[in-house]
Structure formats: C-alpha cells, structure tokens
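# Remarks on the overall topology
What follows is the residue order along each chain.
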Amino acid sequence: MAGMSDLLWSEVKNFFDPNLMGALPDLWVPDATVEDWQAVFDLVRSNGWAWDYVEDDTVRPLPAAAEVLPRPVDAEEGVRLRVWPTPGVQVIFWPMSATEVDFDVDLRELQGQAGVDTLCDFVCAIGRRLGKPVFMSAEGQYGYPLLGFDPAADRVVLLADPIDHG
C-alpha cells in the first residue's frame, strides 16, 4: 500500500485536534507480553529511528524487555523509551506493564496529511511486528478507541465517527 494513505486528513482532522482530543492521546496494544515489548524494542533498533531510553532521568542503553518488565507495583513512572520515527515527531513508550504496550504521541507534531501518514505508518509498523491491534483514544479516555491498526485489514481504520461540526 505504499503511497496510499490509510486515513485522510479531511476526514480525521478532529481526531488530530489537540483542543478536542488532548495533546497526548493514549495509544496501546492490548494483551501484550514481555516478548511483545522485546519486539517493539527490536523494531525501534532495526528501523533506524532516533531513540533514547531514560530511567530515573538518566539516559541509558536500551536493556532487554525482560530486565524492565514486569515493573514493581509501586514503581515510579521513571522509565520511558522516546522514539523519533521522523524528525520533529516524538513517540513515548511507557514500559509499566508487561500485559500492555502503552505509548503516546503529541498531536501538535502530527498536523495535516503528513502527520496522519506519519502516525499511520508508525502504528502499522508496531501492529505488523506484533500481529496485534493498536488502538488510539483521546487523552484520558483509555478504553474508548477512535482509530487503530486492524491486523486483518493490515491498515489503520476508524473505530469511531470523526464528526466535523464546522
């Protein structure tokens, strides 16, 4: 599907509006395992994306997922993997649970068709590597996906109606 957009800006611009959605929508892969996290770490390394792994405000080499997960119940949110799939667009993974791959993006960095395409390409890369769905909801609306990668369709699809009231 190279060259074809999964979603069109004109149809999904409300889902990319930081004022409506919150600047940092929630993205997740459900029913994950430590092996899935390792596959994400490997994907980040192999794709040539810029990244850094931060633990307690210190940049460190990216460990094996099994060294990071499972996190103790009382652990601070001090672990994150920041990835730049393209210059100017940062994705932050939060390895807090072995059972779910959690990450977020900043919608202010994903405006216009280029932003939609960047997000779709990234979400597809994660979903294809894991062979699992990847969901996105408005910030703080976890569990109510608006769009996501559908492994059966092998593309990002709408899971809610992006109503345009303007």
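So, here's what we can say about the structure. Remember, it's a predicted structure, so these values are computed and weren't measured experimentally. (Residues numbered from 1 in each chain as written. Predicted model: local features only at pLDDT ≥ 70, side-chain atom pairs only at ≥ 80, totals over all residues. Heavy atoms only, no water.)

### Overview of the overall build of the chain
Looking only at helices and strands, the chain features five helices and nine strands. Helices and strands appear in the chain in the N-to-C order α-α-β-α-β-β-α-β-β-β-α-β-β-β. The C-alpha radius of gyration of the chain comes to 15 Å, within 12% of the 15 Å expected for a compact globule of 166 residues. Across the 166 residues that make up the chain, the buried fraction comes to 47%. Long-range pairs, those at least 24 residues apart, make up 64% of the contacts in the chain with a sequence separation of at least 6. In the structure as shown, the chain presents an accessible area of about 8300 Å², 51% of it carried by carbon and sulfur atoms. Of the charged side chains in the chain, 11 are positive and 28 negative, and the gap between their average positions amounts to 5 Å. (Helix = DSSP H or I, 4+ residues; strand = E, 2+ residues; numbered from the N terminus. Rg over C-alpha atoms; globule rule 2.2 N^0.38 Å. Buried < 20%, exposed > 50% of the residue type's maximum accessible area, 1.4 Å probe, protein only. Contact = heavy atoms within 4.5 Å. Areas by Shrake-Rupley, 256 points an atom, 1.4 Å probe, with all protein chains shown as cover. Lys, Arg positive; Asp, Glu negative; His and termini not counted. Charge placed at Lys NZ, Arg CZ, Asp CG, Glu CD.)

### Details of the environment of Gly115
Of note, Gly115 is situated in helix H5 (residues 112-130). With near-sequence residues (within four places) excluded, Gly115 lies in contact with Phe16 and Leu110.

### A few points about the packing of aromatic side chains
This model, assessed by the stated rule, comprises nine aromatic pairs. Three or more aromatic residues link up through ring pairs in this structure, and these residues are Trp37, Phe41, Trp49, Phe93, Phe103 and Phe122. (Phe/Tyr/Trp six-rings, centres within 6.5 Å; stacked < 30°, edge-to-face > 60°.)

### Some words on the nonpolar core
One recurring pattern in soluble globular proteins: nonpolar side chains tend to sit buried together. Membership of the largest hydrophobic core comes to 48 residues, with the highest contact counts inside it found for Phe16, Phe93, Val101 and Ile126. Sort the elements by how many residues they give to this core and H5 lands first, with nine residues. The residues touching Ile126, leaving out its near neighbours within four places in the chain, are Val29, Val40, Leu43, Phe93 and Val134. (Core = buried A, V, L, I, M, F, W, Y, C linked by side-chain atoms within 4.5 Å.)

### Considerations on the side chain of Asp106
Take Asp106: it is sitting in the loop between strand S6 (101-105) and H5. Aside from chain neighbours lying at most four places away, what touches Asp106 is Ala23, Leu24 and Gln90.

### Remarks on the pattern of salt bridges
Tallying each qualifying case throughout the model produces five salt bridges. A salt bridge links Asp42 to Arg45; its shortest N-O distance comes to 3.6 Å. Residue Asp42 and its partner Arg45 are both found in helix H3 (residues 34-46); the two are separated by three residues, about one turn of the helix. According to the relative accessible area criterion, Asp42 is partly exposed, its value standing at 33%. Take Arg45: its relative accessible area is 37%, and that puts it in the partly exposed class. With a closest N to O distance of 2.8 Å, Arg108 and Asp106 form a salt bridge. By relative accessible area, Asp106 is classed as buried at 14%. (Salt bridge = Lys/Arg side-chain N within 4 Å of Asp/Glu carboxyl O.)

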